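Residue-level structure breakdown
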Amino acid sequence: MDCGVITSKTVLLLLSLAFWAAAAGLSYVGAYVINTYKSYDNFLQDKYALLPAVIIICVAVVMFIIGLIGCCATFRESRVGLGLFLAIILVIFIAEVSAFVLGFVYREKVKTDVQGTMRSVFEKYDGKNAESTVVDYLQEQLHCCGVKNYSDWTTTQWFNSTGNNSVPLSCCQQEAKNCTGHLDQPQELNRRGCAQELESGLQNVISYAMLVILGFAIVKFFGMLSICVLTCKKEESGYQPLYSGVFA
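As a starting point, this report considers the structure included with it. These numbers come from a predicted model, not from an experiment.

All told, the structure shown has three disulfides when counted by the stated rule. Covalently, Cys-172 is tied to Cys-179 through a disulfide, its sulfur atoms 2.0 Å apart. One quick way to see it: the torsion about the S-S bond of Cys-172 and Cys-179 is about -70°, and its sign makes the bridge left-handed. Its relative accessible area of 13% is what places Cys-172 among the buried residues.

The following block contains the structure:
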């Protein structure tokens, strides 16, 4: 068994062990993306924007099993087992590349999706309904006011019905303890619009997920390369595996 075989087997064993860590990491990323979208699902009409996260979680589910298959096939030096391992890695690699492309597409689509839906939600604000709770939560968490800025509230039905020339208290800055939301005191209100803040947050989450996917895709590529090297070396040298069994 030459150095190339030993190196390839070492890489494959490390890759198999990495599958478990990768499964945990991808599960976290996928769950985080879904949780982020669910927090603001009232502003997102296109549910297909969750597709990249769903693909990530599906990939993570099978990764633990794949790690076991990889360890078994590598220890037994089985051509059939290694071929199966290669096929599985290739499928995952394609899925990860697909998720990366979809993430790139929907990262740009978030902007138009958020702005269009957010205006309709803000229009339904009355201070009591479910949309009002979501809007207040959004403005408090993101420290924003209105869609583009606090002046957007002046065109809403809620603003006209109250007649007190003020915006919701959720628009107030945290340090403004005596803020009443009155437009005569704009220095006490958050100046940035919620659309910009939400777009930035969602795009950052997608970008983070895309970087993780790209990193794991590169690892899979080197894993496939190691399998090819190990299989070719075995055919050339004709050495017999130390173990025999199911995959032999």
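After that view, the rundown keeps rolling.
What follows concerns the side chain of Gln-173. As for its placement among the helices and strands, Gln-173 is situated in the loop between α5 (157–162) and α6 (194–237). At a separation of 3.1 Å, a polar atom in the side chain of Gln-173 contacts the main-chain carbonyl oxygen of Gln-187. If sequence neighbours within four positions are ignored, Gln-173 has contacts with Gln-187, Glu-188, Leu-189 and Asn-190.

Here we come to the packing of aromatic side chains. For any pair of aromatic rings, the description consists of the separation of the ring centres together with the inter-plane angle of the planes. Across all of its chains, the model carries seven aromatic pairs by this definition. Between the aromatic rings of Phe-19 and Phe-85, the centroid separation amounts to 6.0 Å while the plane-to-plane angle is 55°, which identifies the pairing as tilted. On the criterion of sequence distance, the pair formed by Phe-19 in helix α1 (residues 3–39) and Phe-85 in helix α3 (residues 79–123) is long-range, its members being 66 residues apart. The two residues Phe-19 and Phe-85 agree in class, both being buried. When the ring of Phe-221 is compared with that of Phe-222, the centres are 5.7 Å apart and the planes differ by 75°; the resulting orientation is edge-to-face. The class for Phe-222 is partly exposed, based on a relative accessible area of 47%. Put simply, the rings of Phe-122, Tyr-125, Trp-153 and Trp-158 touch in pairs and so form one group of aromatic residues.

Cut-offs and rules
- The residue numbers shown here count from 1 along each chain, following its written sequence.
- Thresholds applied to this predicted model are a pLDDT of at least 70 for local features of residues and 80 or more for the giving and counting of side-chain atom pairs; totals over whole chains, interfaces and linings are not thresholded and use all residues.
- Working from all heavy atoms in the structure, the side-chain values ignore hydrogens and water.
- In what follows, a disulfide is any cysteine sulfur pair within 2.5 Å.
- Each residue is placed in one exposure class: buried if its accessible area under a 1.4 Å probe, protein chains only, is under 20% of its type's maximum, exposed if it is over 50%, and partly exposed if it falls in between.
- For the purposes of this entry, the term helix denotes a DSSP run of H or I that reaches at least four residues, the term strand denotes a run of E that reaches at least two, and both are numbered from the N terminus.
- Throughout this description, a polar contact denotes any pair of N or O atoms lying within 3.5 Å of each other; where both atoms belong to protein, one of them has to be capable of donating a hydrogen while the other can accept it, and for residues adjacent in sequence the pair is counted only when both atoms sit in side chains.
- Residue contacts are counted whenever heavy atoms from the two residues lie within 4.5 Å of one another.
- What counts as a ring pair is set by centres within 6.5 Å for rings of Phe, Tyr and Trp (its six-membered ring), and what kind of pair is set by the plane angle: stacked under 30 degrees, edge-to-face over 60, tilted for all other angles.

Geometric values such as these leave the question of function open.
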